[in-house]
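Understanding the architecture of this molecule
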Amino acid sequence: MQNPNSTHPFANVRWIWMNGELVEFEKATVHVLTHALHYGSGLFEGIRCYKTRQGSAVFRLPEHLKRLENSCKVYRMEIPYTREQLTQAVFDAIIGNEFEACYIRPIIFRGFGSPGINPLPLPVDVVVAVWPWGKYLGDEAAERGVDVQVSSWRRFSPASSPAVAKATANYLNSQLVKVEALTNGYVEGIALDHSGNVSEGSGENLFMVADGRLLTPNMASSILPGITRDAIITLARDMGIEVKEVNMPRGMLYTCDELFFTGTAAEVTPIRSVDRITVGEGHPGPITQRLMGEFNGIVRGEIEDRHGWLTPVARVEAAARS
Ligand code: PMP
């Protein structure tokens with residue numbers, strides 16, 4: 001598998017960390033009878049490494065690795081590496097590829113072995129890939145906001161799949177939401193939960209501003225416990241904004257003052273319309289802009305990292321040498 005052409009995000013990926021070592025891009029492959037390919041038995045993460053004024057730094061790495069460990073725990077998949085080894089794997093992949101800023105994709109999955117659904121006899125494979133990745137929902141999304149629809153597809157019920165685990169299988173549901181939205185001319189879709197309340201986007205959590213308060217769907221609405229979501233809740237409270245995790249009725253999407261997505265890939269992305277109904281004034285509102293400014297400032301090292309969210313790559317590099 002060769003690198004794609006020069007404009008592709010994978011174009012300059014030279015090394016992928018796979019089961020304990022960096023392997024060349026074209027050799028980082030699996031067998032077609034890999035269990036995860038057939039039965040969705042993969043747990044993964046999406047993390048960002050930012051270029052800050054003080055050098056490259058990874059955003060909330062311990063929290064992402066904790067979520068990955070929790071995802072594996074739910075599916076009784078034992079990770080054959082410690083937290084420290086996974087942390088080192090992330091830095092090895094970044095440093096090996098010489099990226100200043102990149103997206104980081106750890107994935108842990110059931111590999112090649114026996115046929116059938118039972119995953120327990122199968123090996124657990126671990127991969128950490130990195131690649132440069134720009135604005136997930138479009139270059140102008142942050143300035144203008146994006147147009148979204150409420151999906152006709154519901155988020156899976158907590159009785160059938162645990163949303164707390166970031167499982168590859170969950171992303172078939174996300175693909176139904178995303179493809180329907182794109183087919184209908186929207187950038188993204190919002191899924192309702194099993195009972196009709198708002199859940200989240202195909203790969204983002206959702207926030208709204210209503211009457212000066214910041215509201216976001218609670219964990220019972222089959223949301224992924226987003227790490228950017230947690231950061232935004234923290235930053236809003238720092239600013240003295242009241243934040244509530246709620247059962248969010250669909251109707252509020254049309255009447256709220258501000259609406260935005262959060263996610264590692266999407267960062268903070270304002271939403272300017274839902275089902276062609278304008279949100280607020282039709283451009284990013286004041287609270288969205290303040291939170292976006294604070295978030296972007298911290299991840300880029302322009303505002304003090306007062307919550308200790310950034311792990312500098314250089315520091316780990318230096319520790320590994322000593
Ligand atoms: N929900 C879903 C379904 C996602 O895939 C993501 C992206 N990981 C999020 C929410 C946002 O989570 P985070 O802020 O941790 O990236």
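All values reported here derive from a predicted model rather than from experimental measurement. (Residues numbered from 1 in each chain as written. Predicted model: local features only at pLDDT ≥ 70, side-chain atom pairs only at ≥ 80, totals over all residues. Heavy atoms only, no water.)

1. Focus: the overall build of the protein
Regarding its fold elements, the protein presents nine helices and 17 strands. For a compact globule of 322 residues, the expected C-alpha radius of gyration is about 20 Å, and the protein comes in at 20 Å, within 12% of that figure. Dimensions of the protein along its principal axes, counting C-alpha atoms only, are 50 × 50 × 35 Å. Classification of the 322 residues of the protein by burial places 51% in the buried group. (Helix = DSSP H or I, 4+ residues; strand = E, 2+ residues; numbered from the N terminus. Rg over C-alpha atoms; globule rule 2.2 N^0.38 Å. Buried < 20%, exposed > 50% of the residue type's maximum accessible area, 1.4 Å probe, protein only.)

2. Some points on the packing of helix H6 (residues 227–238) against helix H8 (residues 286–299)
Helix-helix packing is described using two parameters, namely the angle between the two axes and the distance between the axes. Direction vectors running N to C along H6 and H8 enclose 115°, while the axes themselves pass 10 Å from each other. It follows from the interaxial angle that H6 and H8 lie roughly perpendicular. Read as a crossing pair, H6 and H8 show a hand that is right-handed. Residues Thr228, Ile232, Leu235 and Ala236 of H6 lie in contact with H8, whose contacting residues are Leu291, Glu294, Phe295 and Ile298. Partitioned by chemical class, the residues of the contact of H6 with H8 number six nonpolar, one polar and one charged. (Axes fitted to C-alpha atoms, helices over the stretch in contact; angles between N-to-C directions. Parallel < 35°, antiparallel > 145°, perpendicular 65-115°, else oblique. Left-handed = near helix turned anticlockwise from the far one by under 90°. Contact = heavy atoms within 4.5 Å. Nonpolar A, V, L, I, M, F, W, Y, C, P; charged D, E, K, R; others polar.)

3. Brief notes about the pairing of strand S6 (residues 102–110)
Looking down a regular strand, the side chains alternate between one sheet face and the other. Among the nine residues in S6, seven count as buried, and that is most of the element. Sheet topology note: the strand S3 (residues 42–44)/S6 ladder contains three bridges and is antiparallel. Of the residues in S6, the one forming a bridge with Phe44 is Ile107. Here three bridges tie strand S4 (residues 47–52) to S6, and the two strands are oriented antiparallel to one another. Bridging across to S6, Cys49 finds its partner in Cys102. Bridge count for S6 against strand S7 (residues 124–131) is eight bridges, and the pairing is antiparallel. By the bridge assignment for S7, Arg105 is matched with Ala129. (Pairing = 2+ DSSP bridges.)

4. Let's talk about the nonpolar core
Judged by nonpolar contacts, the single largest core of 39 residues is most densely connected at Val58, Ile94, Ile104 and Ile108. At the level of elements, strand S1 (15–18), S4, helix H2 (61–74), helix H3 (83–97), S6 and S7 are the ones that each hand at least two residues to this core. Of the residues forming this core, the biggest block, seven residues, is contributed by S7. Among the nonpolar cores identified, the runner-up in size contains 24 residues, and Val209, Leu235, Val243 and Val299 belong to it. (Core = buried A, V, L, I, M, F, W, Y, C linked by side-chain atoms within 4.5 Å.)

5. Considerations on the domain arrangement of the protein
For the protein, the assigned domains are domain 1 (15–131) and domain 2 (141–299). Placing the centre of domain 1 and that of domain 2 at their C-alpha centroids yields a distance of 26 Å. Between domain 1 and domain 2, the contact holds 21 residues from the first and 19 residues from the second. Here domain 1 packs against domain 2, burying approximately 1,800 Å² in sum over the two surfaces, 63% of which is carbon and sulfur. Arg60 is paired through a salt bridge with Asp230; the nearest N and O atoms lie 2.8 Å apart. At the surface where domain 1 touches domain 2, the tally comes to 11 residue pairs in polar contact (both at pLDDT 80 or more). Taken together, the elements giving at least two residues each to the side of domain 1 that touches domain 2 come down to S3, S4, H2 and S6. Per-element accounting of the side of domain 1 that touches domain 2 gives the leading share, five residues, to H2. (Domains from an automatic or database assignment. Buried area = accessible area lost by both parts, 1.4 Å probe. Salt bridge = Lys/Arg side-chain N within 4 Å of Asp/Glu carboxyl O. Polar contact = N/O pair within 3.5 Å; in protein donor to acceptor, adjacent residues only side chain to side chain.)

6. Here we look at the packing of aromatic side chains
All chains considered together, the criterion is met by 11 aromatic pairs. An angle of 85° between the planes, with centres 5.7 Å apart, marks the rings of Phe59 and Trp309 as edge-to-face. Here the residue Phe59 occupies a position in strand S5 (residues 55–59), and Trp309 occupies one in the loop between H8 and strand S17 (310–312), the gap between them amounting to 250 residues. Assessed through its relative accessible area of 4%, Phe59 is described here as buried. (Phe/Tyr/Trp six-rings, centres within 6.5 Å; stacked < 30°, edge-to-face > 60°.)

7. Points about the environment of Phe99
Following the sequence through the fold, Phe99 ends up in the loop between H3 and S6. Residue class for Phe99 comes out buried when judged on its relative accessible area of 11%. The sequence separation of Phe99 and Asn12 amounts to 87 residues, and the corresponding C-alpha distance is 9.2 Å. The residues contacting Phe99, other than those within four sequence positions of it, are Asn12, Val13, Ser56, Ile94, Val130, Trp131 and Pro132.

8. Describing the pairing of strand S11 (residues 205–210)
Of all the six residues making up S11, six are buried; the element is thus mostly covered by neighbouring parts of the structure. Taken together, the five bridges between S11 and strand S14 (residues 258–263) define a ladder with antiparallel strand orientation. If you follow Met208 over to S14, its bridge partner there is Leu259. Here S11 runs beside strand S12 (residues 213–217); their pairing, made up of three bridges, is antiparallel. For Met208, the partnering residue across the bridge sits in S12 and is Leu215. Where S11 hands over to S12, the hairpin turn is made up of two residues, of which Asp211 adopts a positive phi near 50°.

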